[in-house]
Amino acid sequence: MKTNSNEQAACACSCRAGEKQVSDTPEIAGKRTTDKQLLLIIPALFVWWLLYRELEPISQWFTYHLFQLKAGTGIASSFEFFLFETPKVLLLLALVVFGVGVVRSFFTPERTRRILQGKRESAGNVLAALLGIVTPFCSCSAVPLFIGFVTTGVPLGVTFSFLISAPMVNEIALVLLYGLFGWKTAALYMGTGLFIAMFAGWIIGRLHMEKGIEDWVFESQMGEAAVDERLDWAARIRYGLNAVKEIVGKVWPFVLAGIAVGAGIHGYVPENFMASIMGKGAWWSVPTAVLIGIPMYSNAAGIIPIVQALLEKGAALGTVLAFMMSVIALSLPEFVILRKVLKPRLIAVFIAVVGTGILVVGFLFNAVI
């Protein structure tokens, strides 16, 4: 009897150990982690919504009660603008970067390159411009992306459609425009930006300017990309959180600088003053805005608060859109980086084609809207 009792106890311990071993498998542990992360996202979104809806009364309380600034003065208007727009833009930025970061976990640069490889130039231009919206890209990665695309058979024009679309028609620009101006302005910007990317890439492809690429590019070997890792939802959520940490951590100084400039314009520039400089009646305003924007270095998060302030003071929408596009798509630092792989003639053609597209957009919307 004693032996049977010992055997039963050992069997029970063995069963409990087996159950514990099963419960600790990576699949089950990963599922529990994912469930916890998803449960945490719900209250985080609720807190985000509460903060976002209370931004205006909070900024007014700080401005007129805590600091007791006189309403209607330039300093009060600028201060309230800065206190309201800074958390608003950063909250929108964090939310959209997280969401698109999760989406981007499905579209690595290597996968994008394989999708575009061998595509013909008309359909390829459209596909490249659309993929540019959801593909991670910045000026510092322009050279390796360009080499990887060209050396694996992606046509030159298709490559340029991607290089134009990725920095200009990105998620930051679209969501900030939606949050500040509404869906019509955001859709307008996306449509015109995609048109410029497709049009410019198609023109460059028709010119057959492969000789404008530095010779060493075709001699380089990028190697085969590693097979894309299949990520579970826990990993994709971490990807989104890491994107928030990395992107917001990099762009917040631009955001503060842009909002500070916008606050100065909002508080001290007289109403409709910008109409005489950047209004519809000044035909030279669009090319001037493009020329001013090219040497500037900023991103969408930094330039959009300035755009908002310019529009409030009477600047025309087409002129402001042309200015914004030139800052983002025709930035001087990106030209310096691309000079490593492109000869001056091809860079000049790139600037001329994209610049022409931006000018057309600016003049068109000033005439229509």
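You'll find the structure just up there.
Structure report, in brief.

**Topic: the overall build of the chain**
Item 1. Regarding its fold elements, the chain presents 18 helices and zero strands.
Item 2. Looking at the 369 residues of the chain, the share that counts as buried comes to 46%.
Item 3. Look at the contacts in the chain between residues 6 or more apart in sequence, and 84% of them connect residues 24 or more apart.
Item 4. Of the roughly 18,900 Å² that the chain leaves accessible, carbon and sulfur atoms contribute 67%.

**A closer look at the packing of helix H8 (residues 156–168) against helix H10 (residues 183–207)**
Item 1. At a closest axis distance of 7 Å, the pairing of H8 and H10 adopts a crossing angle of 155 degrees. In terms of axis orientation, H8 runs roughly antiparallel to H10. For H8 against H10, the interelement crossing comes out right-handed. Of the residues in H10, those in contact with Leu156, Gly157, Phe160, Ser161, Ile164, Ser165 and Met168 of H8 are Tyr189, Gly193, Leu194, Ile196, Ala197, Met198, Ala200, Gly201, Trp202, Ile204 and Gly205.
Item 2. Counted by class, the contact of H8 with H10 contains 12 nonpolar, six polar and no charged residues.

**Things to note about the environment of Leu156**
Item 1. Along the chain, Leu156 turns up in helix H8.
Item 2. A relative accessible area of 3% places Leu156 in the buried class.
Item 3. Between the C-alpha atom of Leu156 and that of Met209, which follows or precedes it by 53 residues, the distance is 8.0 Å.
Item 4. If sequence neighbours within four positions are ignored, Leu156 has contacts with Phe146, Ile204, Met209, Glu210, Ile213 and Leu346.

**A word on a nonpolar patch on the surface**
Item 1. A surface patch of nonpolar side chains, amounting to about 470 Å² of accessible area, comprises Phe46, Val47, Trp49, Leu50 and Leu51.
Item 2. Looking at the element boundaries, Leu51 is found in helix H2 (residues 26–53).
Item 3. According to the relative accessible area criterion, Leu51 is partly exposed, its value standing at 43%.

**Notes on the environment of Gly74**
Item 1. Tracing the sequence through the fold places Gly74 in helix H4 (residues 74–104).
Item 2. Relative accessible area serves as the criterion here: at 19%, Gly74 is assigned to the buried category.
Item 3. Spatially, the C-alpha atom of Gly74 lies 8.8 Å from that of Val269, the residues being 195 residues apart in sequence.
Item 4. If sequence neighbours within four positions are ignored, Gly74 has contacts with Gly267 and Tyr268.

What counts, and at which threshold
Residues numbered from 1 in each chain as written. Predicted model: local features only at pLDDT ≥ 70, side-chain atom pairs only at ≥ 80, totals over all residues. Heavy atoms only, no water. Helix = DSSP H or I, 4+ residues; strand = E, 2+ residues; numbered from the N terminus. Buried < 20%, exposed > 50% of the residue type's maximum accessible area, 1.4 Å probe, protein only. Contact = heavy atoms within 4.5 Å. Areas by Shrake-Rupley, 256 points an atom, 1.4 Å probe, with all protein chains shown as cover. Axes fitted to C-alpha atoms, helices over the stretch in contact; angles between N-to-C directions. Parallel < 35°, antiparallel > 145°, perpendicular 65-115°, else oblique. Left-handed = near helix turned anticlockwise from the far one by under 90°. Nonpolar A, V, L, I, M, F, W, Y, C, P; charged D, E, K, R; others polar. Patch = residues over 30% accessible without salt bridge, like charges linked within 9 Å, V, L, I, M, F, W, Y side chains within 5 Å. Salt bridge = Lys/Arg side-chain N within 4 Å of Asp/Glu carboxyl O.

So, to be careful, I would describe these as geometric facts and stop short of saying anything about function.
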